[in-house]
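Letter by letter, the chains look like this.
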Number of protein chains: 2
Amino acid sequence: MAITVIGSVAIDNIETPFEKKQNILGGSASFFSVASSYLTDVNVIAVVGSDFDDKYIDILKSKNINVDNIIKKHGKTFHWEGKYDYDMSDPQTLNTELGVFLDFKPSVPHIFKNDTLFLANIDPDIQLEVLEQMLSPKLIALDTMNFWIEKKKDKLLQAIKKSDIFIINESEARLLTGEVSIFSAAKKIFKYGAKIIVLKRGSYGATLFTDGMFFMIPAYPLENVVDPTGAGDSFAGGFLGYIDNTGNLSDENLKKALVFGNIMASFAVESFSIDKLLSIDGDKIKDRFSKFRNMTYFENI
Amino acid sequence: MAITVIGSVAIDNIETPFEKKQNILGGSASFFSVASSYLTDVNVIAVVGSDFDDKYIDILKSKNINVDNIIKKHGKTFHWEGKYDYDMSDPQTLNTELGVFLDFKPSVPHIFKNDTLFLANIDPDIQLEVLEQMLSPKLIALDTMNFWIEKKKDKLLQAIKKSDIFIINESEARLLTGEVSIFSAAKKIFKYGAKIIVLKRGSYGATLFTDGMFFMIPAYPLENVVDPTGAGDSFAGGFLGYIDNTGNLSDENLKKALVFGNIMASFAVESFSIDKLLSIDGDKIKDRFSKFRNMTYFENI
């Protein structure tokens, strides 16, 4: 029982209308691994530059995350600079420096080749290379972003075909499929070969599609959103973490997994970087799960 | 068991990016009364002009709606012209002609003075005049809009104080209270004197606040939204209709009532005017209720 995540470990500068933070830990693999670490074992495959502060490695280690495959290379760590507007939704990218991430050639150690795999938002060519390395993975989940949909749609479609779960933003699903309705978009993505589709909807919540089931939840309501960065990867971490923990793809379990994703995303956005995610524990997660169930449960007529 | 609704019966011109309709039945009382007619008896108090087509009266009558207090006066019927953008949310008002609605002085017949009362979005001065006419109403629910919040906040606050349920859009709640967080906004509205608060959130769904309970639901997912006009009033019709039908303000019942509101709003937006609302029946409503429950229900951990 373990998940291997392949994605970015980054250094971010983030600006919201209320606060500005420089040189904080970011990246899809960082958020994903911390979020899922509460639910299962996690191995990170990533690359950082020689400027990367080892304290972050120690922080991930303290969550029992396997960091042996975060490779340090000569050069700069992937750097992202983003700015959020008052609506705290899609950020404006002010600067991106790929640094050592430009030559990221992930190599999957043999002992991970049968694990659950999460391919975070990276170049579909790399996603395909990783997929070729796997032996008999329990489950493969894939994320992407509008940039790859526009630049490498063919390769992305190949990666979707080889995956079980496709996790994507609603707006990206529309871009990918050319469909406005989420139902029509999901139908097309099933035709691409995905077996389970998770549409993340930001402050609207999330929806889940399987061949025979549709499930939707609102976002966990928060008094104060500090920084939305990493919400989607934390969501994926909670979702896949719970699935890997239980090893069960029943409808009921997938629904609960989506709620775990929702809960982990809600923690992620309550602070900059992974700070809030680091401060929680199993009880806090279960407590928020129960609260969410109470505020959404109603009896049948 | 009956609800008296006081609001507008209007003639609308509606433009969406896909279609344009002229001279169709609109108005808060029209949508509310048809939506609630599936759940309880409804009396409408409204005014129309001499240009008003009696066929609409017959249509409401066919739903067993008491139309005896829709008064026809010399002059023009209230006319609204609105245009929706591709996001199908807040419409742009192109034209408003109050016509006979300008001198609307609703008089509540004695037999309605102990009913449940819905004061749709009208001048708070008129809402207060109606409240003074009531004897011992079972329940009073109040709606409003940004125009009255800006122009007559004092009078609106008096009307809220005299009501049990305040039904309002999320953005209007923010405008009214000056609070961004819906929780802080609800706290303030409780201080104004409301006992139950329904925040309508458009395509985000709806939330319900009582002294001890918070409940939220996503919007019913639709393949095709034709015209959002009347969604809020249809929501109120389903919500209050179910409460009036059951006569029970328990938490469980209020939650179900919110779902009925959601369901009636989902039907309303699937056509222009009240067309879709007219075409449904109890089975279709219960079917959509059950479907919605299936797509939002998950087990506890």
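Residues numbered from 1 in each chain as written. Chains lettered and ligands numbered in written order. Predicted model: local features only at pLDDT ≥ 70, side-chain atom pairs only at ≥ 80, totals over all residues.

**Examining the nonpolar core**
Here is step 1 of the chain: Within the largest apolar cluster, 96 residues are counted, with the highest numbers of intra-cluster contacts made by Val44(B), Phe118(B), Phe239(B) and Leu258(B).
Here is step 2 of the chain: Per-element tally for this core: the top contributor is helix H9 (residues 251-268) of chain B, with ten residues.
Here is step 3 of the chain: Ignoring sequence-local partners within four residues, the contact set of Val44(B) consists of Val5(B), Ala29(B), Ser33(B), Leu60(B), Ile65(B), Asn66(B), Val67(B), Asn69(B) and Ile70(B).
Here is step 4 of the chain: One finds Leu60(A), Phe101(A), Phe112(A) and Ile217(A) within the second-largest nonpolar core, a separate group that totals 95 residues. (Core = buried A, V, L, I, M, F, W, Y, C linked by C-beta atoms within 7 Å. Buried ≥ 20, exposed ≤ 12 C-beta atoms within 10 Å, placed from the backbone. Helix = DSSP H or I, 4+ residues; strand = E, 2+ residues; numbered from the N terminus. Contact = placed C-beta atoms within 7 Å.)

**A word on the interface of chain A and chain B**
Here is step 1 of the chain: Counting from both sides, the interface comprises 26 residues of chain A and, opposite them, 26 residues of chain B.
Here is step 2 of the chain: Element by element, the count of residues in the side of chain A that touches chain B is highest for helix H11 (residues 282-296) of chain A, at six residues.
Here is step 3 of the chain: Among the residues forming the side of chain A that touches chain B, the class breakdown is 14 nonpolar, five polar and seven charged. (Nonpolar A, V, L, I, M, F, W, Y, C, P; charged D, E, K, R; others polar.)

**Overview of the relation of the copies chain A and chain B**
Think of it as a corkscrew move, a rotation about one axis and a shift along it, taking one chain copy to the other.
Here is step 1 of the chain: With an RMSD of 0.0 Å, the operation that places chain A on chain B is a rotation of 180° combined with a shift of 0.0 Å along the axis. The symmetry that links the two subunits is that of a two-fold axis.
Here is step 2 of the chain: When the interface residues of chain A are mapped onto chain B, 100% of them are again interface residues, pointing to one common binding face. (Least-squares fit on C-alpha atoms with pLDDT ≥ 70 in both.)

**Describing the packing of helix H8 (residues 231-246) of chain B against H9(B)**
Residues and elements named next belong to chain B.
Here is step 1 of the chain: In contact at an axis separation of 7 Å, H8 and H9 are set at 140° when each is read in the N-to-C sense. The two elements H8 and H9 meet at a crossing, and its hand is right-handed. Taken together, the residues of H9 that come into contact with H8 (itself represented by Ala231, Ser234, Phe235, Ala236, Gly237, Gly238, Phe239, Gly241, Tyr242, Ile243 and Thr246) are Asn253, Lys256, Ala257, Leu258, Phe260, Gly261, Asn262, Ile263, Met264, Ala265 and Ala268.
Here is step 2 of the chain: A per-class count over the contact of H8 with H9 returns 13 nonpolar, eight polar and one charged. (Axes fitted to C-alpha atoms, helices over the stretch in contact; angles between N-to-C directions. Left-handed = near helix turned anticlockwise from the far one by under 90°.)

**Looking at the sheet that holds strand S6 (residues 79-83) of chain A**
Residue and element names in this part refer to chain A.
Here is step 1 of the chain: Read from one edge to the other, the open sheet built from four strands follows the order S3-S2-S6-S7, with strand pairing classed as mixed. Both outer strands of the open sheet, strand S3 (20-26) and strand S7 (92-97), are each paired with one neighbouring strand and no more. Each neighbouring strand pair of the sheet contributes to a mean axis angle of 20°, computed without reference to strand direction.
Here is step 2 of the chain: The sheet contact formed by S6 and S7 spans five bridges and is antiparallel. Considered in S7, the bridge of glycine 82 is made with threonine 93. (Pairing = 2+ DSSP bridges.)

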